Amino acid sequence: MADKKKVLVIDDDDNLRTVLVDKLNASGYEADGAMDGEDGLTKALAQHPDVVLLDVMMPKMDGWEVLQNMREDAWGKSAKVIMLTVLENLDHVARGVEMHIEGYLVKTNWSLDDIVKHVEEAANK
Amino acid sequence: MPVDQSVTRYLVSAAIALCVSLVVTLGVLYATSNFFEHPQTYFVGAPSSALLQTYAAAAAAVAISFLISLIVYMTLTSRARVDLAVWNNARSMALSREQFRRLYEASPIPYLTLGPLGEIQDPNKAALRFFNVEPEEIVSANIFSFVAEEDREKANQLAKYYELNVPIDRQELHMTTKKNGVRIVSLSLLDMHKPGTHERTGLATLIDVTEEKMLDQARTEFVSLASHQMRTPLATFKWYLDMILSGGAGPLSDKQKEYIERLDAVNRNMLDLVDTLLNISRLDMGKLPIEKIAVNVQTLTESVLSEVGPQIVKKGLHIVRQYNNALTSLETDPKLLRIVIQNLINNAVKYTPEGGTVSITLEQTGNEPRISVSDTGYGIPATQQGRVFTKMFRAENVLRLSETQGTGLGLYLVHSIAETLGGHITFTSEENKGSTFIVTM
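In this text, all values refer to a predicted model and were calculated from it rather than measured experimentally.

1. So, the overall build of chain B
And step 1. When its secondary structure is counted, chain B shows 12 helices and 12 strands.
And step 2. When the 441 residues of chain B are sorted by exposure, 39% land in the buried category.
And step 3. Of the roughly 25600 Å² of accessible surface on chain B, 59% is carried by carbon and sulfur atoms.

Written out as structure tokens, the structure reads:
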């Protein structure tokens, strides 16, 4: 279907990435995964997804670097990004707000359905 | 006057005084003995009363000779004695000055005396070791010029404070050293105004806290890494269980659903435990961030109650809410207060047998907001009440109950958080009657 919204999941954890991609695909999105920051940045800039789910702690390039790089791109500067993390950190929230992210979600606080809801909100904004 | 000269003078004076006294005494004694041998030359007819007078006169002569000797001695030595006292004082002052000097020089803490603008005048050995320099390399350099670039602004501010005579107490700064790179120090500057002059000097104390800071950072990083590593698999469990429960992997039989729900509950407990551990280590390190906003405690309490709703229903507990329309806008940190209320309500629910009552009271008495949670539960044995807020405490009477599990960390956390938020917690409890925990903010 052509009108399916595209979501890119950038997370180095194979298990989490897989279940997120499966869930999003099952919820009517066209989801793809990237296994580290570098891979994620390349895919994001090539595919121009509607929403990017971006993990914070990753090898090679962490979430903040990916975001920084994305913001320097013509498309990426207004791309919709939701940060995912397993650790709450108020400094991160503030930093995220400064970099115009759509959300900062602590993985363990939200169910998969909640994540889908956040993606939906961001995609339809 | 030079010290040895005054001693010589004292000794010479004393010797002269002794000699003169001796001569006077011998003279008087000679005259007296002469008188005893030939009294008739002095008294004509020598009456018996005259003998008595003779003895009296002799005694008086001896006394006078002593008195004269004493006066002569005192007169001759008075100046010398003053000199000696001065010499003694000067000596003890020189000694204490020397002791002070040695203390200053050999102290393991870097000290530097400073001029009125912060120019280094006299660094002690530890200061030279700290900067790894010879004295001539830093003497007359400004102490603030050693502050690293990242703290330049702060250094300028501190330099201004120093000039204005504002005391500087334990300010953390990055300082550049010759061989040891940039070190983090705690700097204190004390005004050492010289008495009787307008000359200003200061004493700088540098305490190297680099190791401490690094250790602290390592601990924070470890806690953060450990909790990240522990939470990732738990998040994985959570989402896969979510996926299965929501039918994302095909339909489930009732039994399968029940089992998955049990796993999900255990996983949630595990997550709570990891959160508690993380919060405790943050608290212990003073790293728990506090963000105060206006919080509606009633809404917060209700959301906690809805979380434990299933257990309340299962045990048939009665919940009594006495909100008194109070605490609808309490200035506090919602996340931390939530941990407090969550733990108190969870405990009340957990440690109250079926059919019991849990009451939550919110009050504002004067300036004091107060949150109380009481139950009609097992209570805490009187002998163990003193240890309630210690880490890993679990009362003996509940250890026997198979249905209650706990880490013994909850009340320790509640107590620490209440104090962190500027409040305190008290309780009353009676075994088999129940407990009441009161948090005052």
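2. Some points on the interface of chain A and chain B
A common way to state how big an interface is: give the accessible area lost once the parts meet.
And step 1. In this complex, chain A contributes 20 residues to the contact, which on the side of chain B involves 20 residues.
And step 2. Buried area between chain A and chain B, summed over both chains or domains, comes out near 1900 Å², and the portion from carbon and sulfur atoms is 69%.
And step 3. Where chain A packs against chain B, one counts 0 salt bridges.
And step 4. The interface formed by chain A and chain B contains 5 residue pairs in polar contact (both at pLDDT 80 or more).
And step 5. The set of elements that each furnish at least two residues to the side of chain A that touches chain B consists of helix H1 (14-26) and helix H5 (112-123) of chain A.
And step 6. It is H1(A) that provides the largest number of residues to the side of chain A that touches chain B, a total of 7 residues.

3. Concerning the environment of B:Leu252
Residues and elements named next belong to chain B.
And step 1. For Leu252, the location among the structural elements is in the loop between helix H6 (210-245) and helix H7 (254-284).
And step 2. Under the relative-accessibility criterion, Leu252 is labelled partly exposed at 28%.
And step 3. Setting aside chain neighbours within four positions, we find Leu252 in contact with Ile244, Leu245 and Lys257.

4. Here we look at the pairing of strand E5 (residues 202-208) of chain B
Residues and elements named next belong to chain B.
And step 1. With 5 of 7 residues buried, E5 is to be regarded as a mostly interior element.
And step 2. Here 7 bridges tie strand E4 (residues 182-191) to E5, and the two strands are oriented antiparallel to one another. Bridge assignment links Leu189 to a residue of E5, and that residue is Ala204.

5. Things to note about the packing of aromatic side chains
Residue and element names in this part refer to chain B.
And step 1. Taken as a whole and judged by the stated rule, the model has 7 aromatic pairs over all chains.
And step 2. When the centroid spacing of 4.9 Å and the interplanar angle of 80° are considered together, the rings of Phe130 and Phe131 count as edge-to-face.
And step 3. Looking at Phe130, the relative accessible area reads 8%, which means it is buried.
And step 4. Note on Phe131: relative accessible area 1%, which makes it buried.

6. Quick look at the packing of H6(B) against H7(B)
All names here are of chain B.
And step 1. Their axes nearest at 10 Å, the elements H6 and H7 cross at an angle of 160°. Here H6 is positioned roughly antiparallel relative to H7, judged by the angle of their axes. As for the relative orientation of H6 and H7, their crossing is left-handed in sense. Seen from H6, the contacting residues are Val223, Ser227, Met230, Arg231, Leu234, Phe237, Lys238, Leu241, Ile244 and Leu245; seen from H7, they are Lys257, Ile260, Glu261, Leu263, Asp264, Asn267, Met270, Leu271, Val274, Asp275, Leu278 and Ser281.
And step 2. For the contact of H6 with H7, the per-class residue count stands at 13 nonpolar, 3 polar and 6 charged.

7. Observations regarding the sheet that holds strand E2 (residues 120-123) of chain B
Residues and elements named next belong to chain B.
And step 1. Taken in spatial order, the 5 strands make up an open sheet running E2-E1-E5-E4-E3, and their pairing is antiparallel. Edge positions in the sheet fall to E2 and strand E3 (168-176), since each of these pairs with one other strand and no more. Neighbour-to-neighbour, the strand axes of the sheet open up by a mean angle of 30°, direction not taken into account.
And step 2. Two strands pair when backbone bridges link them, and strand E1 (residues 111-114) and E2 are joined in this way by 3 bridges, in the antiparallel orientation.

Criteria and cut-off values
Residues numbered from 1 in each chain as written. Chains lettered and ligands numbered in written order. Predicted model: local features only at pLDDT ≥ 70, side-chain atom pairs only at ≥ 80, totals over all residues. Heavy atoms only, no water. Helix = DSSP H or I, 4+ residues; strand = E, 2+ residues; numbered from the N terminus. Buried < 20%, exposed > 50% of the residue type's maximum accessible area, 1.4 Å probe, protein only. Areas by Shrake-Rupley, 256 points an atom, 1.4 Å probe, with all protein chains shown as cover. Contact = heavy atoms within 4.5 Å. Buried area = accessible area lost by both parts, 1.4 Å probe. Salt bridge = Lys/Arg side-chain N within 4 Å of Asp/Glu carboxyl O. Polar contact = N/O pair within 3.5 Å; in protein donor to acceptor, adjacent residues only side chain to side chain. Pairing = 2+ DSSP bridges. Phe/Tyr/Trp six-rings, centres within 6.5 Å; stacked < 30°, edge-to-face > 60°. Axes fitted to C-alpha atoms, helices over the stretch in contact; angles between N-to-C directions. Parallel < 35°, antiparallel > 145°, perpendicular 65-115°, else oblique. Left-handed = near helix turned anticlockwise from the far one by under 90°. Nonpolar A, V, L, I, M, F, W, Y, C, P; charged D, E, K, R; others polar.

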